[in-house]
Amino acid sequence: MDRVSAGARPLASAEIIAVGSELLGTTRIDTNSLFLAGRLASLGIDLRAKSVVGDDRATLAAAVTSALTRADLVLLTGGLGPTDDDLTREVVAGVLGLALHEQSAIVLQIEERFARRGLRMPDANRRQAMVPEGGVSLDNPNGTAPGLLIDHGEQVIVLLPGPPRELQPMFDGLCAGRLLARAGLERTFHASLFVAGRGESHVEEIVQPIYSGWVTGDAPIQTTILAMPGQVELHLAHRAQDPDAGARRVSAARDELAAALGRDVFSLDGRSLEEVVGGLLTDRGLTLSAAESCTGGLLLSRLTDVPGSSRYVLGGVVAYSNELKASLAGVPESTVAAHGAVSEAVAVALAEGIRARTGSSLAVGITGIAGPGGGTDQKPVGTVAIALAGRDMPSRARLFSFFGGRPQVKFQASQAGLDMVRRGLQFPQGG
């Protein structure tokens, strides 16, 4: 079999195969691929596909064979243990037509690892010392399973252990060494912007005429739009050899989209909305409280997930019943009777009441119908009223109509509440 030459072509594309039947169930997820994708991006190696394969020889062999038709670099995670269902090294060697040989140095390392714990190495662990002919063993100081690197013509196959604490330092070593040397001169430069207050189709309507012109030309930019409840993300990617030129190009493109989307853009640096709001409150030396009904405290929970939030979060209440809306947040019974519990008037009363009781600079009031029951023709499930009250600003309120199940409605309501705080701080005259 041919081996890689000194003048081999750069590794431009990659594919990840996560091995393990447990990853096909409901209790485990493949988190290694997220880590690997980030490291590959830093090398400018384009991740083309990811797959999860169970502990089945024929299925795994087919996945490896297929990946080798598409990718310069094939990464396999898991299946390097000592048990009969750990098939990765044997299957890959079979696909490549390579014999496996036991390396005594690896056996000794595994024996010493067991001895340090006062144990004898089981014979089953000897299979972890089997290395395909011409392959390179990758040291694993955090486990018994060494990794493997195999040059296959101008392609590279890497076998990595499944536990993240073993995989991550091993792959970092490769990224600083062998893979960096084969990554070529181009790198991928990224930029992103996050949007609240607009749906995916409305965002697309604004930005598509702009990014469609970036696909062709001397410096193409790939644009990906991701939509989730209460948020739309735009991710830009540009490949270039010159780091300064690449970073400038993708940043200028991001800024062009941000200018078109205006005040709906809340983040240009990947920060979540709760991080952005926390930063704004900190910068201005302001505090926040909240009176929440249908969100059950989710807005304050998200804010307090951010380290340092004790500087600006004073507290609040979860007031589901009308009685507690009155006793804890001072909502007049007459307001509930006149407008209904889910109304802009009650949301304002919640915000103003909790602000008065806590002495916070700003306060949010949220009341709504998260479902699945409780809706009416006039106020269907998903109807939520949100208000913002401030010491130096007039109270503002808005009635929203959210879609989805109960968790989705609650999250969208908390997102809209946070976004109302952001807009109130950034655009106090309205926006």
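The shown structure was predicted, so the numbers you read here are calculated from the model rather than taken from an experiment.

1. With respect to the overall build of the protein chain
And step 1. For the protein chain, the helix and strand inventory stands at 14 helices and 17 strands.
And step 2. Its C-alpha atoms give the protein chain a radius of gyration of 28 Å, more than 25% over the compact-globule value 22 Å for 431 residues.
And step 3. Projected onto its principal axes, the C-alpha positions of the protein chain cover 85 × 60 × 40 Å.
And step 4. Within the protein chain, counting contacts between residues at least 6 apart in sequence, those at least 24 apart form 69% of the total.
And step 5. Only carbon and sulfur atoms are counted for the fraction: they give 52% of the accessible area of the protein chain, which is about 19800 Å².
And step 6. Of the charged side chains in the protein chain, 40 are positive and 46 negative, and the gap between their average positions amounts to 5 Å.

2. A look at the sheet that holds strand E2 (residues 46–53)
And step 1. The sheet built from six strands is open, its strands ordered E2-E1-E3-E8-E7-E6 with mixed pairing. Bordering the open sheet on either side are E2 and strand E6 (136–138), each of which pairs with just one other strand. On average, each strand axis in the sheet is tilted by 20° relative to the strand beside it, whichever way the strands run.
And step 2. Here E6 runs beside strand E7 (residues 147–152); their pairing, made up of three bridges, is antiparallel. When the bridges of E7 are listed, Val136 appears paired with Leu149.
And step 3. Lying over the sheet, helix H3 (residues 88–96) contacts strand E1 (13–19), strand E3 (73–77), E7 and strand E8 (155–160), oriented at roughly 165° with respect to E8.

3. Focus: the packing of aromatic side chains
Each aromatic ring pair is characterised by the separation of its centres together with the angle its planes make.
And step 1. Per the stated rule, a full pass over the model turns up two aromatic pairs.
And step 2. Taken together, a centroid distance of 5.3 Å and an interplanar angle of 15° make the contact between Phe400 and Phe402 stacked. Exposure class is identical for Phe400 and Phe402. Each is buried.
And step 3. In this structure, Arg117 is placed above the aromatic ring of Phe114, and the distance from its NZ or CZ to the ring centre is 5.7 Å.

4. Comments concerning the pairing of E1
And step 1. A large share of E1 lies buried, amounting to seven of its seven residues.
And step 2. Along E1, one buried face is formed by Ser13, Glu15, Ile17 and Val19 and the opposite face, lined by Ala14, Ile16 and Ala18, is buried too.
And step 3. When E1 meets E2, the two strands line up parallel, connected through seven bridges. The partner of Ile16 across the bridge, within E2, is Lys50.
And step 4. Where the polypeptide runs from E1 across helix H1 (residues 32–43) and back to E2, its parallel neighbour, the crossover connection is right-handed.
And step 5. Taken together, the five bridges between E1 and E3 define a ladder with parallel strand orientation. Its bridge partner lying in E3, Ala14 is registered against Leu73.

The rules behind these values
Residues numbered from 1 in each chain as written. Predicted model: local features only at pLDDT ≥ 70, side-chain atom pairs only at ≥ 80, totals over all residues. Heavy atoms only, no water. Helix = DSSP H or I, 4+ residues; strand = E, 2+ residues; numbered from the N terminus. Rg over C-alpha atoms; globule rule 2.2 N^0.38 Å. Contact = heavy atoms within 4.5 Å. Areas by Shrake-Rupley, 256 points an atom, 1.4 Å probe, with all protein chains shown as cover. Lys, Arg positive; Asp, Glu negative; His and termini not counted. Charge placed at Lys NZ, Arg CZ, Asp CG, Glu CD. Pairing = 2+ DSSP bridges. Axes fitted to C-alpha atoms, helices over the stretch in contact; angles between N-to-C directions. Phe/Tyr/Trp six-rings, centres within 6.5 Å; stacked < 30°, edge-to-face > 60°. Buried < 20%, exposed > 50% of the residue type's maximum accessible area, 1.4 Å probe, protein only. Lys NZ or Arg CZ within 6 Å of the ring centre and 35° of its normal. Right-handed = clockwise from strand over helix to strand, strands pointing away.

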